[in-house]
Amino acid sequence: MKIAISGKGGTGKTTLAALLAQLFRQAGHRVFAIDADPDANLAATLGFPQAAGITPIVEMKELIKERMGVDDLNGVITYFKMNPQVDDLPEKYCVEHKGIRLMVMGEVRKGGGGCACPENTFLRELLAHLLWEREDTVIVDLEAGIEHLGRGTAQAVDVLLVVVEPDLRSIETAGKIKRLATDLGLRKVWAVGNKVGSEEEQEFIERQLAGWKIIGFLPYQREIAASAMTEGGLEVEQLAAQKEIKAVLKALESGASAPPRAKAPGSKTLQRRFR
Ligand SMILES: Nc1ncnc2c1ncn2[C@@H]1O[C@H](COP(=O)(O)OP(=O)(O)O)[C@@H](O)[C@H]1O
Ligand SMILES: [Mg+2]
């Protein structure tokens, strides 16, 4: 299963990504978590020791130069590979903690044709590989925008979960994300309400997201806020709202698995088909 998580900053994307990673792991899945938010904190939330010391992939300049076939990432680049080899990288550059493997993507240079820079192409290829070709349950913690998902990678995502709070701003962002995702060919764009403090707040979200499939509501939980103040990270089994969190997992398990896909396109196919 391949799950991507988006939503306005602060709504709880990383929290949900971490909780789902732990639950899938407990259910016996091989879990591969990807932090694709430039403001990366999935490792810390999962309690990885020395989380701050993990080098994001995008900062591995020598690796990127070698794989992209360029000498200088900052010079004027007129040619670089469109299908770099990436299939060996998840094993080599992931970190593992309590059975969950994790890769931190890092922040891609923006502007000035940023979209076509070698680092961007490299990250997209890596993400495409992780989503199309890995057998693991892959959970991607995205940013509010979904720029990392090109058309080819978006179609490998079984479900995009959009996290909302009882707050109009996060609802507005959710609408934008859904439009973008739909344009990219993502069919299952589902919502999760988070930090819900009362029935009124849940009803507010339901009203605002009329027409959406909402697969769960997580209450505001002091333990989650408190865990953000410690180094140890979040432990799903220590939370009070077990029932609510497990309901999200259940909805994913029963509704997310797509019918068998056509054979995963290799990188070259991806290039031709979708770029
Ligand atoms: N259900 C919740 N109850 C209480 N605090 C929460 C809840 N979900 C998230 N938080 C807190 O809100 C803040 C933002 O959550 P985070 O998952 O980092 O959001 P995002 O990744 O969307 O920016 C964090 O301090 C987190 O601990
Ligand atoms: Mg986050």
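All figures in this text were calculated on a predicted structure; none of them were measured in a lab. (Residues numbered from 1 in each chain as written. Chains lettered and ligands numbered in written order. Predicted model: local features only at pLDDT ≥ 70, side-chain atom pairs only at ≥ 80, totals over all residues.)

1. Quick word on the overall build of the protein chain
Next, step 1: Scanning the protein chain for helices and strands turns up eleven helices and eight strands.
Next, step 2: Out of the 275 residues in the protein chain, the part that is buried amounts to 44%. (Helix = DSSP H or I, 4+ residues; strand = E, 2+ residues; numbered from the N terminus. Buried ≥ 20, exposed ≤ 12 C-beta atoms within 10 Å, placed from the backbone.)

2. Structural notes on the site of ligand 1
Next, step 1: Around ligand 1, the structure places 16 residues, and the nearest of them are Gly12, Lys13, Thr14, Thr15 and Ala228.
Next, step 2: Of all elements in the fold, only helix 1 (13–26), strand 7 (189–196) and helix 9 (222–227) reach the threshold of two or more residues within the shell around ligand 1.
Next, step 3: The leading source of residues in the shell around ligand 1 is helix 1, at three residues.
Next, step 4: In the shell around ligand 1, the residues fall into five nonpolar, nine polar and two charged. (Near = placed C-beta within 6 Å. Nonpolar A, V, L, I, M, F, W, Y, C, P; charged D, E, K, R; others polar.)

3. Here's the deal with the environment of Leu19
Next, step 1: Here Leu19 is to be found in helix 1.
Next, step 2: Sequence separation between Leu19 and Val236 is 217 residues, and the spatial gap between their C-alpha atoms is 5.7 Å.

4. Observations regarding the packing of helix 1 against helix 10 (residues 242–255)
Next, step 1: Packing of helix 1 against helix 10 leaves a shortest axis separation of 10 Å and a crossing angle of 75°. Judged by the inter-axis angle, helix 1 sits roughly perpendicular to helix 10. Contacts between helix 1 and helix 10 pair Leu19, Leu20 and Leu23 from the former with Ile245, Lys246 and Leu249 from the latter. (Axes fitted to C-alpha atoms, helices over the stretch in contact; angles between N-to-C directions. Parallel < 35°, antiparallel > 145°, perpendicular 65-115°, else oblique. Contact = placed C-beta atoms within 7 Å.)

5. Focus: the sheet that holds strand 5 (residues 137–141)
Next, step 1: Taken in spatial order, the eight strands line up as 3-4-2-5-1-6-7-8 in an open sheet, and their pairing is mixed. Each edge of the sheet is formed by a strand with only one pairing partner; in this case those strands are strand 3 (95–97) and strand 8 (214–219). For this sheet, the mean inter-axis angle between neighbouring strands, taken without regard to orientation, is 25°.
Next, step 2: In this sheet, strand 5 lies alongside strand 2 (residues 31–35) in parallel orientation, the contact comprising five bridges. Bridging from a neighbouring strand, Ala33 pairs with Ile139 of strand 5.
Next, step 3: Against the sheet, helix 1 contacts strand 1 (2–7), strand 2, strand 4 (100–104), strand 5, strand 6 (159–164) and strand 7, and its axis sits at roughly 170° relative to strand 5.
Next, step 4: Along the sheet, helix 10 makes contact with strand 1, strand 6, strand 7 and strand 8, crossing strand 8 at roughly 165°. (Pairing = 2+ DSSP bridges.)

6. Focus on the packing of helix 3 (residues 61–68) against helix 5 (residues 118–133)
Next, step 1: Close contact between helix 3 and helix 5 brings their axes to 10 Å; oriented N to C, the two are set at 85°. Between helix 3 and helix 5, the angle is such that the two are roughly perpendicular. Taking contact as the criterion, the partners of Ile64, Arg67 and Met68 in helix 3 are, on helix 5, Pro118, Glu119, Thr121 and Phe122.
Next, step 2: Here the contact of helix 3 with helix 5 is composed, by residue class, of four nonpolar, one polar and two charged.

7. Considerations on helix 10
Next, step 1: With 14 residues, helix 10 extends 20 Å from end C-alpha to end C-alpha; this agrees with the ideal 20 Å at 1.5 Å per step.
Next, step 2: Tucked into the core, helix 10 has its buried residues touching strand 1, helix 1, strand 6, strand 7 and strand 8. (Expected span 1.5 Å × (residues − 1).)

8. Some details on the pairing of strand 2
Next, step 1: Summarising burial for strand 2: five of the five residues are buried, a large majority.
Next, step 2: Both strand 2 and strand 4 contribute to a ladder of five bridges, which runs parallel. Within strand 4, the position partnered with Phe32 by the bridge is Arg101.

9. So, the environment of Trp190
Next, step 1: Looking at the element boundaries, Trp190 is found in strand 7.
Next, step 2: Sequence separation of Trp190 and Val159 is 31 residues, and the distance between their C-alpha atoms is 7.0 Å.
Next, step 3: When neighbours within four sequence positions are excluded, Trp190 is seen to be in contact with Val159, Leu161, Lys213 and Ile215.

10. A look at the confidence of the model for the protein chain
Next, step 1: Per-residue confidence for the protein chain averages 88 on the pLDDT scale, and 89% of its residues sit at or above 70.
Next, step 2: Scored below 50 in pLDDT, residues 267–275 makes 14 contacts in the model with residues more than four places away or belonging to other chains. (pLDDT = per-residue confidence, 0-100.)

11. What about the pairing of strand 8?
Working note: regular strand, side chains alternate between the two faces of the sheet.
Next, step 1: Sheet topology note: the strand 7/strand 8 ladder contains four bridges and is parallel. Bridge pairing in strand 8 links Val196 to Pro219.
Next, step 2: Crossover connection from strand 7 via helix 8 (residues 199–208) to parallel strand 8: handedness right-handed. (Right-handed = clockwise from strand over helix to strand, strands pointing away.)

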